[in-house]
Amino acid sequence: MTYRAEVFVTLKPVVNDPAGLTIRGGLHALGFESVKDVRAGKYLSILLDEADEDQARSRVEEMARQLLANEVIEDFRIELQPEPALAESRGGGPS
Amino acid sequence: MKTGIVVFPGTWSDRDCAHALLEVLGEPVRFVDYRERDLGDLNLVILPGGFSYGDYLRCGAIARFTPVMNAVADFANRGGLVLGICNGFQILQEARLLPGALLRNASCEFRCEWVQLRVEQSDCAFTVDCRPGQVLRIPISHGEGNFFADPHTLESLEANGQIVFRYCTADGRITPEANPNGSLRNIAGVANARGNVLGLMPHPERACEPLLGGDDGLAIFRSAIHALNRVAV
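These remarks concern the structure in this document. (Residues numbered from 1 in each chain as written. Chains lettered and ligands numbered in written order. Predicted model: local features only at pLDDT ≥ 70, side-chain atom pairs only at ≥ 80, totals over all residues. Heavy atoms only, no water.)

## Quick word on the side chain of B:Glu27
All names here are of chain B. Structurally, glutamate 27 is set in the loop between helix H1 (14-24) and strand E2 (29-33). Despite its burial, glutamate 27 pairs with no opposite charge; the closest candidate is arginine 222, at 8.7 Å N-O. When near neighbours in sequence (up to four residues on either side) are disregarded, glutamate 27 contacts Met1, Leu21, Leu22 and Ile225. (Helix = DSSP H or I, 4+ residues; strand = E, 2+ residues; numbered from the N terminus. Buried < 20%, exposed > 50% of the residue type's maximum accessible area, 1.4 Å probe, protein only. Lys, Arg positive; Asp, Glu negative; His and termini not counted. Salt bridge = Lys/Arg side-chain N within 4 Å of Asp/Glu carboxyl O. Contact = heavy atoms within 4.5 Å.)

## Quick word on the sheet that holds strand E11 (residues 197-200) of chain B
Remark on secondary structure: sheet strands pair via backbone hydrogen bonds, oriented parallel or antiparallel. Residues and elements named next belong to chain B. Ordered in space as E2-E1-E3-E4-E11-E10-E9-E6-E7, the nine strands form an open sheet in which the pairing is mixed. Of all the strands in the sheet, the pair left with one neighbour each is E2 and strand E7 (135-142). Across the sheet, the axes of successive neighbouring strands diverge by a mean angle of 25°, strand direction being ignored. Pairing between strand E6 (residues 111-119) and strand E9 (residues 163-168): four bridges, direction antiparallel. The residue bridging arginine 118 from the neighbouring strand is arginine 166, located in E9. Its contacts with the sheet place H1 against strand E1 (3-7), E2, strand E3 (44-47) and strand E4 (81-85), and it is angled at close to 160° to E2. (Pairing = 2+ DSSP bridges. Axes fitted to C-alpha atoms, helices over the stretch in contact; angles between N-to-C directions.)

## Description of the sheet that holds strand E2 (residues 41-49) of chain A
Residue and element names in this part refer to chain A. In spatial order, the strands read E2-E1-E3; together these three strands make up an open sheet with antiparallel pairing. The strands lining the two open edges of the sheet, one partner per strand, are E2 and strand E3 (74-82). Each adjacent strand pair in this sheet contributes to an overall mean axis angle of 20°, direction not counted. Helix H2 (residues 53-68) contacts strand E1 (2-11), E2 and E3 of the sheet and is inclined by roughly 150° relative to E3.

## So, the pairing of strand E10 (residues 187-191) of chain B
Residue and element names in this part refer to chain B. The buried fraction of E10 is high, at five of five residues. As judged from the three bridges shared by E9 and E10, these two strands associate in the antiparallel manner. In the sheet register, isoleucine 163 faces E10, and the bridge partner there is valine 190. Pairing of E10 with E11 involves three bridges; the strand directions are antiparallel. Directly across from alanine 191, in E11, lies its bridge partner leucine 198. Hairpin remark: E10 followed by E11, antiparallel, with five residues in the connecting loop; positive phi at glycine 195, about 90°.

Below you can see the structure in the form of structure tokens.
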């Protein structure tokens, strides 16, 4: 089964985020005065083949811990779903 | 003594480090390719500055998984001297051979300028030629040098004497104005608990001759040489 994992990597709340602060300043300068806080982060989209959803999630968690995030400074969040187009073509569904 | 200078794709300070050691100090050097798995008879390993793997994902995150880094970790665990400069410092942190992490500069700007460092520890292999409180003038050149560690780690670094350099004024005062990147407690360089692995953001190899504007950086290379010779004797 093919899954698409979306991994969101963000600085931990206790870590100062100068890029986020700079973006907030830019938004304020544009007149978006309601903006109270901006945190910048990274977004990764990963396509992978795994037996089932649990297996896919645990593999992506391993990837995040080993490489995608640095847990000294970053947190991560994973969103996972089956990749429909690829799943159908693999399953040999109706053309 | 034999020094190995590790070259990753995107490393750029390897030749400058070789110049400082070979041309200025007369020490033999060998370039070590990132694919090598055996460091041979090296006594000192330098991870130089640059942009290994284009700084993709995080500075040093990809270089950390190259074959040579297993050899560097073994070498460090056996007590070998390892010096990480700038991107080399970032790689050593990613490899968990040094504590903390280096965030984007607080200014969000790349900073290339001369700074002053206060030597906080002179019993580290890389500062044995220095006296505590001595001020070294060495340039920085980085966008991500903002030292961070959680409060518990910071306290243990202080207690164990692992903070080797702090950014300071010309007369050795630790002030916010002397801090070029927002590093916690003005930290510019830290060692591991054993004291054989040092990482620092400033570039000692760029301060190795008066022609370059100063030669204070030589103190760090000379210290390593003397520390190794002392062990050999």
